[in-house]
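# Survey of secondary and tertiary structure
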Amino acid sequence: MIEIFKNTEEQNIAAAEQFVQSAKEAIAAKGIFNVALTGGSSPEKFYKLLAESPYREQVEWEKVAIYWGDERWVPLDDDKSNAKMAERTLLSHVPIPKEQIYFMYKDGVEPETYALDYEHLLKKNLGPEGSFDLIFLGMGDDGHTASLFPGEAVLGEEIQWVDAYFLIPQDMYRITLTAPLINKAKKIVFVLYGEKKAHALQQVLEGPDQHTKYPSQLIKPTNGEVLWFIDEAAAANLTNKA
Ligand SMILES: O=C1O[C@H](COP(=O)(O)O)[C@@H](O)[C@H](O)[C@H]1O
């Protein structure tokens, strides 16, 4: 489902409300809420909002487990770290137990090794089904999502849940949940805004299958639901805005 908001304020409220609703449902059903966060710039304001009233008080934070959809392989105090952004905007402001924050980075470990470790962790915590309650995703101007970048071999992954590889154009390692794992989630919410996303978004949602060029096309939940929370600028090129 695509929801087009008049402005990013309304979009951020919808994202915060979705977090609260999914948390309540998951905690009522099984006592824990497994959520994967996105990085990049798009979710910053939504994370800040979630850390404020009235949203903050509506979440039982001691029953929340935080993961990431992807990470730039840089130390956790590096400004490029997705985790650092989430810490600054959200995690340092809510009473979430530190041991329930599963960073997608570890000092002194090779990224490929840590991808295997993270996959084992997910199998232990989520069970063999690997179904997150909620995954937030962003989308880059080029149509990438998580660290599923155009033309990369990770796009063809069918078995592994987590992969790490060197992203030559950015001169850095990336670690990412793979599309088969993301697609097992109960709910996936894309949050993106701005005119720079308009071209890729139109191709992703209305173009022919070109998932090696626009990797966000790979996100098609098996049994779950995908929501697109976008603003009018990002939606500008869409033909079907219903
Ligand atoms: O590098 C990344 O970029 C995407 C998109 O970020 P944005 O700044 O355009 O919102 C993000 O979803 C991903 O988590 C991040 O690693």
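Because the structure is a prediction, the values reported are computed rather than measured.

### Regarding the sheet that holds strand β6 (residues 162-167)
Pairing is antiparallel in the open sheet, where three strands are placed in the order β4-β7-β6. Looking at the sheet topology across the chains shown, the edges are occupied by β4 (70-72) and β6. Each neighbouring strand pair of the sheet contributes to a mean axis angle of 15°, computed without reference to strand direction. Bridging between β6 and strand β7 (residues 172-177) involves six bridges; their strand directions are antiparallel. Across the sheet, Tyr165 pairs through a bridge with Arg174, a residue of β7. Lying over the sheet, helix α4 (residues 111-126) contacts β6 and β7, oriented at roughly 160° with respect to β6.

### Structural notes on the confidence of the model for the protein
Considering every residue of the protein, the mean pLDDT works out to 97; 100% of them sit at 70 or more. As scored by the predictor, the complex reaches a pTM of 0.97 and an ipTM of 0.97.

### Quick word on the packing of aromatic side chains
Applying the stated criterion across every chain yields a total of 15 aromatic pairs. Aromatic side chains Trp73 and Tyr114 sit 5.9 Å apart centroid to centroid with 50° between the ring planes, which places their arrangement in the tilted category. Remark: Tyr114 occurs in helix α4 and Trp73 occurs in the loop between β4 and α3 (82-89); sequence separation between them is 41 residues. Taking the centre distance of 5.9 Å and the plane angle of 55° together, the rings of Tyr114 and Tyr118 count as tilted. With a gap of four residues between them, Tyr114 and Tyr118 both fall in helix α4, about one helical turn apart. On the basis of relative accessible area, Tyr114 is assigned to the buried category, the value being 11%.

### Describing the pairing of strand β2 (residues 33-37)
The element β2 is extensively covered by neighbouring structure, given that five of its five residues are classed as buried. Residues Phe33, Val35 and Leu37 of β2 are buried on one face, and the alternating residues Asn34 and Ala36, pointing to the opposite face, are buried as well. Across five bridges, the pairing between β2 and strand β3 (residues 64-68) is parallel. Counted as the bridge partner of Val35 is Ile66 from β3. Crossover handedness for the path β2 to helix α2 (residues 44-50) to β3: right-handed. Looking at chain direction, β2 and strand β5 (residues 134-137) are connected through two bridges and run parallel. Looking across to β5, one finds that Ala36 is bridged to Ile135.

### Examining the side chain of Thr178
For Thr178, the location among the structural elements is in the loop between β7 and α5 (179-182). One polar contact links the side chain of Thr178 to the main-chain carbonyl oxygen of Gln160, over a distance of 2.7 Å. Setting aside anything within four residues of it in sequence, one finds Thr178 in contact with Leu148, Val154, Glu157, Gln160, Trp161, Val162 and Asp163.

Procedures and definitions
Residues numbered from 1 in each chain as written. Predicted model: local features only at pLDDT ≥ 70, side-chain atom pairs only at ≥ 80, totals over all residues. Heavy atoms only, no water. Pairing = 2+ DSSP bridges. Helix = DSSP H or I, 4+ residues; strand = E, 2+ residues; numbered from the N terminus. Axes fitted to C-alpha atoms, helices over the stretch in contact; angles between N-to-C directions. Contact = heavy atoms within 4.5 Å. pLDDT = per-residue confidence, 0-100. Phe/Tyr/Trp six-rings, centres within 6.5 Å; stacked < 30°, edge-to-face > 60°. Buried < 20%, exposed > 50% of the residue type's maximum accessible area, 1.4 Å probe, protein only. Right-handed = clockwise from strand over helix to strand, strands pointing away. Polar contact = N/O pair within 3.5 Å; in protein donor to acceptor, adjacent residues only side chain to side chain.

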